[in-house]
Amino acid sequence: MRIGVLTGGGDCPGLNAVIRAVVRKGVGAYGHEFVGYRDGWRGPLEDDRRPLGVPEVRGILPRGGTILGSSRTNPFAGEGGPERIAANLEAVGVDGLIAIGGEDTLGAASRLHTEHGLNVVGVPKTIDNDLSATDYTFGFDTAVNVAMEAIDRLHTTADSHHRVLIVEVMGRDAGWIAVHAGLAGGANVILIPERQFDVEAVCDLVARRFAGHFAPIVVVAEGAQPLGGMPDAGDAPTDAFGHVRLGGVGHWLEREIERRTGKETRATVLGHVQRGGTPTAFDRVLATRFGLHAIEAAHEGRWGTMAALRGTDIKLVELTEATDELKTVPESFYAEAEVFFG
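Rules and cut-offs
Residues numbered from 1 in each chain as written. Predicted model: local features only at pLDDT ≥ 70, side-chain atom pairs only at ≥ 80, totals over all residues. Heavy atoms only, no water. Helix = DSSP H or I, 4+ residues; strand = E, 2+ residues; numbered from the N terminus. Rg over C-alpha atoms; globule rule 2.2 N^0.38 Å. Buried < 20%, exposed > 50% of the residue type's maximum accessible area, 1.4 Å probe, protein only. Contact = heavy atoms within 4.5 Å. Areas by Shrake-Rupley, 256 points an atom, 1.4 Å probe, with all protein chains shown as cover. Pairing = 2+ DSSP bridges. Right-handed = clockwise from strand over helix to strand, strands pointing away. Core = buried A, V, L, I, M, F, W, Y, C linked by side-chain atoms within 4.5 Å. Axes fitted to C-alpha atoms, helices over the stretch in contact; angles between N-to-C directions. Parallel < 35°, antiparallel > 145°, perpendicular 65-115°, else oblique. Left-handed = near helix turned anticlockwise from the far one by under 90°. Nonpolar A, V, L, I, M, F, W, Y, C, P; charged D, E, K, R; others polar.

A short note on the overall build of the protein
So, step 1. Within the protein one finds 12 helices and 11 strands.
So, step 2. On C-alpha atoms alone, the protein measures out to a radius of gyration of 21 Å, which is about the 20 Å that the 2.2 N^0.38 rule sets for 342 residues.
So, step 3. Judged by the C-alpha coordinates and their principal axes, the protein covers about 70 × 40 × 30 Å.
So, step 4. Looking at the 342 residues of the protein, the share that counts as buried comes to 52%.
So, step 5. Nonlocal contacts in the protein, meaning residues at least 24 apart in sequence, comprise 76% of its contacts between residues at least 6 apart.
So, step 6. Of the roughly 14,000 Å² that the protein leaves accessible, carbon and sulfur atoms contribute 48%.

Digging into the pairing of strand β2 (residues 33-37)
So, step 1. Most of β2 is tucked away, with 4 of its 5 residues classed as buried.
So, step 2. Relative to β2, strand β1 (residues 2-7) is paired through 4 bridges, and the arrangement is parallel. Pairing of R2 across the sheet is with E33, part of β2.
So, step 3. Where the polypeptide runs from β1 across helix α1 (residues 15-28) and back to β2, its parallel neighbour, the crossover connection is right-handed.
So, step 4. As judged from the 3 bridges shared by β2 and strand β3 (residues 49-51), these two strands associate in the antiparallel manner. Bridge assignment links G36 to a residue of β3, and that residue is R50.

Topic: the nonpolar core
So, step 1. Core analysis: the biggest nonpolar cluster contains 83 residues, and I98 and F138 have the highest contact counts within it.
So, step 2. Residue contributions to this core peak at 8 residues, all from helix α6 (residues 140-161).
So, step 3. Of all hydrophobic cores here, the second largest spans 25 residues; its members include L6, V35, V94 and L131.

Focus: the sheet that holds strand β8 (residues 217-221)
So, step 1. Spatial ordering of the open sheet is given by β7-β8-β6-β9, a layout of 4 strands whose pairing is parallel. At either margin of the open sheet sits one strand with a lone partner, and together these are β7 (189-191) and β9 (265-269). Taking the axes of each pair of neighbouring strands and ignoring which way they run, one obtains an average angle of 20 degrees across the sheet.
So, step 2. Here helix α9 (residues 249-261) sits on the sheet and contacts β6 (164-169), β7, β8 and β9; the angle it forms with β9, its principal contact strand, is near 175 degrees.

Observations concerning the packing of helix α8 (residues 199-211) against α9
So, step 1. Remark: α8 packs on α9, axes separated minimally by 10 Å, with the N-to-C direction vectors making an angle of 65 degrees. If you check the angle between α8 and α9, you find them roughly perpendicular. The chirality of how α8 crosses α9 is right-handed. Facing V199, E200, V202 and C203 of α8, the residues of α9 in contact are W252, E256, I257, R260 and T261.
So, step 2. The class makeup of the residues in the contact of α8 with α9 is 5 nonpolar, 1 polar and 3 charged.

Structure representation (C-alpha cells):
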C-alpha cells in the first residue's frame, strides 16, 4: 500500500517518534510506501507532500516538533474540502492516511471516514491529555516535567524576594498539566478550567502561606476562569475550529492578587516552552508504541480506528469514541491536591 502521514494541531514532543515508528515498521515489516503531507490537513487539501522513507526518519526520535510541519487547518471550513482530499489522494495512489493529532484533527479524521469513506487511522496527540479514549497522550509527560522544573526554580526566587509567583501553564478545557505539575512541584494553589475560582479565596490562601513565612506559588491553567468569567474574554480571536485564543489569566491574576493583598506578585507564562524540545523517555516510548500499532491497523485494513493506551496495553478504539467526550480532571483528584493548598 501507499500510505499518507500527517500531523495536525499544536506541535508536541513525540510526534517524530510516531512518524519514525510508522515508517520503520511499515517499510521493514510490510513493504509499504509512505508519503508525508505537510502542515496537517492543509497537505492533502493542497496536495503538498514530501517523500517519507527510512532515510527521512533517521535520527528524529529525540527531536521535538514534527518534520512534517503542522497547522490548525480545518478541511470542513470551506466548500468541497473532503472531495478535494479524496481526489488528491486518489491521484497519487494513496490508499489511506494515518492522522496524528488531537480533538480537532481526529474529529476531522472521523468525519472524513464516516461521512466520506476515506481510509483513516488515528493516533492521539495532545499535551493537555484530554482525550477520553486513551489513558495518556504523548507530550503530556514532557509538558508536566517542563512545568515542574519551572515551579522548582521559582520557589527559590519567590522565597528570596517574598513575592507571590504565578505560573500559567497550558490547559484549555482540562487542568491535567496544572494539577500534575502543581502537585509534583509543591504549588500552594492550583487553578483549573473545570472549576471557576474565587479570587478572594485565592488571596486567603496566599495570606496563609505568608503567615508561615513562606512565599506562595500559584499554578493556573490557561483556561481557568474566575467566578463570573474573565473580563473582555469575548474579544479574543478564534482559530479555524472556533477555539478562542487563550492566555492572559496569569497576568490578570497577578494584578488582582497584588491589588487585594498588597504583596508583590509576578506571573510567568510558560506557553510554548511546554511544547518544545526533546520528549521524555515516557513520551518517546508511548509515541513509538502508538506508531507501531497504527501502521499495524492500517496494514490490516482496520480503518476508522485509533491507537489508545489502556492500562499498559495499546488497544484499537473507534475514531468516533476518541472525540466523543472530553477527559477532564475529576473532583476527587483535585480534592487530593487541595490538601496542600495554602
